[in-house]
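A structural walkthrough
If you want the building blocks of each chain, they are given just below.
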Amino acid sequence: MDYKLHAVGIQSQLEMGSITENGSVHEFEDESLFSPELGTQKMQPNHIAEYGSVSGGFPPGGSKRWRNGVYRSIKTVVFSNKLNLLMPFGPLAILVHISSGHNGWVFFLSLLGITPLAERLGYATEQLAFYTGATVGGLLNATFGNATELIIAIYALRSRMIRVVQLSLLGSILSNMLLVLGCAFFCGGLVFYRKEQVFNKATAVVNSGLLLMAVMGLLFPAVLHYTHTEVHYGKSELALSRFSSCVMLVVYAAYLFFQLRGQTDLYVPLSEEVSQNGEGADDGDEETPEISKWESLIWLGIMTAWISILSEYLVDAIEGTSQAWNIPISFIGVILLPIVGNAAEHASAIMFAMKDKLDISLGVAIGSSTQISMFAIPFCVVVGWIMGQPMDLNFQLFETATLFITVIVVAFFLQEGTSNYFKGLMLILCYVIVAASFFVHEDPIQTDGNDPKP
């Protein structure tokens, strides 16, 4: 609240600075914004003539301040990031869809248009967390951090594209664990090449355990399917998936309670994290929010709505793009779509690693993978259950094996609690191998019609 009062005070001084007497600005004029009595006492007749009658409703200066506030908010959110130069590609994708209907171009332009929106969604969430504190801020990060993936998944579920849902969520986990974390380790290692960066090993162990539990939830339905040991063929696998999803959601809720009430280091606001590292004096300008609480909420709504609109065009163009570009749907879902959803995580993880704040980078990359595996995937199974869609946890053998090996590799890299550029390079090259594997992988399920019905 004090941030908002300070900002309004500065703004009022700037606007009232032209009202001078003997060449100096009137002292305490901005206090009239907060104290009506004081403002009436200080307002002289010549001031009333300039501002308008006191009883005439809102003064002209109020609407001017409102317009300046809107302009400042738009300038801060829209024009402060070079990545936002990609925003016009979103409307262009809609125009291409209406005029020509070329699925390849619609998909490509929608992909470019959603990328800056995903990054700005993370920015608005970060700004709102300044006002809500650690507990609510952690919940907001958990909810909106992967909002883009969830929106795309729900639209794909509504279109009965269950494999796209499975592949895009799986790809987001792989991208966060290998590409995002690898780039953070690599860039941070190059900046601090003379030493090994360290992070909280206990937090990494907890996240690795949750990821292994997620692998267990995905592995058993796949094994049940491929060993043909279902009690009721076509039904037991789906029932097991729904039961396991409910259990995973309970575990994720317990994990949030554990982190927010006991071990809060993943969700500590940036200001507290900086002060803990003893760098508060140097980075004080980074601790203040750039937009107000209500501005953050409004921008969250705008970005979410715009992502929802573009996601519909993106999902509808996936199958046509696969045929037009001769690219497997599995490659589109596992590699291309997560690049959009992880834009915010990618930038944040690298930025914090280059500032030697590796705990925050780890929370962004591994924490996001944990959220997707323990919340987003089970949540989509439950939503599919409500919609009457047979969304299950059987991600097929190749995909499940890829996830299992990835979790094991990353767990080994995290067990020492240190990182360097060589570890980052190995994680990036592991992701290159995964991408090449899915480029030559043919999905055994061509249509959703082969999936068992509930």
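Above this text sits the structure in question.
Quick look at the structure, then. All values reported here derive from a predicted model rather than from experimental measurement.

**Here we look at the pattern of salt bridges**
Under the definition given, this model contains six salt bridges. Between K195 and D356 there is a salt bridge whose closest N-O contact spans 2.8 Å. In this pair, K195 sits in the loop between α8 (162-191) and β3 (197-198) while D356 sits in the loop between α15 (343-354) and α16 (358-387), placing the two residues 161 residues apart along the sequence. Assessed through its relative accessible area of 42%, K195 is described here as partly exposed. Residues participating in the shared-partner salt-bridge network are R163, E399 and D443.

**A look at helix α14 (residues 329-341)**
A rise of 1.5 Å per residue sets the reference length of α14, with its 13 residues, at 18 Å; its end C-alpha atoms lie 17 Å apart and thus fit the reference within 8%. Within α14, 11 of the 13 residues are buried, leaving the element largely enclosed by the surrounding structure.

**Examining the packing of aromatic side chains**
The geometry of two aromatic rings is summed up by the distance between their centres and the angle between their planes. As enumerated under the stated definition, the model contains eight aromatic pairs in all. Arranged with centres 6.3 Å apart and planes meeting at 85 degrees, the rings of F107 and W325 form a pair that is edge-to-face. Highlighted residues: F107 in helix α6 (residues 103-144) and W325 in helix α13 (residues 318-325), separated in sequence by 218 residues. Look at F375 and F379: their rings are 5.5 Å apart centre to centre, the planes differ by 20 degrees, and that puts the pair in the stacked class. Of the two residues, F375 and F379 both sit in helix α16, four residues apart, roughly one turn of that helix. Aromatic ring contacts, followed pair by pair, group Y252, Y255, F375 and F379 into a single cluster. One residue, R120, lies across the ring of Y123, its end atom 4.2 Å from the ring centre.

**Section: helix α7 (residues 147-158)**
Under the 1.5 Å per step criterion, the end-to-end length of α7 is 16 Å for 12 residues, consistent within 8% with the ideal 16 Å. Counting buried positions along α7 gives 10 out of 12 residues, so the element sits mostly inside the fold. Positive phi shows up at R160, right after α7, with a value of about 65 degrees.

**Considering the side chain of T148**
Within the fold, T148 resides in helix α7. Beyond its immediate sequence surroundings of up to four residues, T148 is in contact with I114, A118, L121, I307, V340 and G341.

**A look at the side chain of N394**
Residue position: N394 is located in the loop between α16 and α17 (397-414). In this structure N394 comes out as buried when scored by relative accessible area, which is 3%. Side chain to side chain, N394 and E237 meet in a polar contact 2.9 Å long.

**Side note on the packing of helix α5 (residues 89-99) against helix α12 (residues 293-316)**
Where α5 meets α12, the closest approach of the two axes is 10 Å, and the angle between their N-to-C directions is 35 degrees. Viewed along their axes, α5 and α12 form a crossing whose handedness is left-handed. Where α5 approaches α12, its residues G90, P91, I94 and H97 are matched on the opposing element by W306, I309, L310 and Y313. Class assignment of the residues belonging to the contact of α5 with α12 gives a composition of six nonpolar, two polar and no charged.

**Considerations on the environment of L111**
As for its placement among the helices and strands, L111 is situated in helix α6. Along the backbone, L111 and L314 are 203 residues apart, and their C-alpha atoms lie at a distance of 7.0 Å.

**So, unusual backbone geometry**
Positive phi is not limited to glycine here, since H228 has a value of about 55 degrees. Locating H228 in the fold gives a position in the loop between α9 (201-226) and α10 (236-261). A relative accessible area of 61% places H228 in the exposed class. You will see that D356, though not glycine, has its phi angle at about 65 degrees, which is positive.

**Describing the environment of K82**
With respect to the helices, strands and loops of the structure, K82 is situated in the loop between α4 (60-77) and α5. Residues K82 and P116 lie 34 residues apart in sequence; the distance between their C-alpha atoms is 9.1 Å.

**Some details on the nonpolar core**
In this structure, F107, L181 and L414 are the most contacted members of the largest nonpolar core, which totals 101 residues. No other element matches the 16 residues that α8 contributes to this core. When sequence neighbours within four positions are dropped, the list of residues in contact with L414 reads L181, F185, F199, K201, A204, S208, L362 and I366.

The rules behind these values
- Residues numbered from 1 in each chain as written.
- Predicted model: local features only at pLDDT ≥ 70, side-chain atom pairs only at ≥ 80, totals over all residues.
- Heavy atoms only, no water.
- Salt bridge = Lys/Arg side-chain N within 4 Å of Asp/Glu carboxyl O.
- Helix = DSSP H or I, 4+ residues; strand = E, 2+ residues; numbered from the N terminus.
- Buried < 20%, exposed > 50% of the residue type's maximum accessible area, 1.4 Å probe, protein only.
- Expected span 1.5 Å × (residues − 1).
- Phe/Tyr/Trp six-rings, centres within 6.5 Å; stacked < 30°, edge-to-face > 60°.
- Lys NZ or Arg CZ within 6 Å of the ring centre and 35° of its normal.
- Contact = heavy atoms within 4.5 Å.
- Polar contact = N/O pair within 3.5 Å; in protein donor to acceptor, adjacent residues only side chain to side chain.
- Axes fitted to C-alpha atoms, helices over the stretch in contact; angles between N-to-C directions.
- Left-handed = near helix turned anticlockwise from the far one by under 90°.
- Nonpolar A, V, L, I, M, F, W, Y, C, P; charged D, E, K, R; others polar.
- Core = buried A, V, L, I, M, F, W, Y, C linked by side-chain atoms within 4.5 Å.

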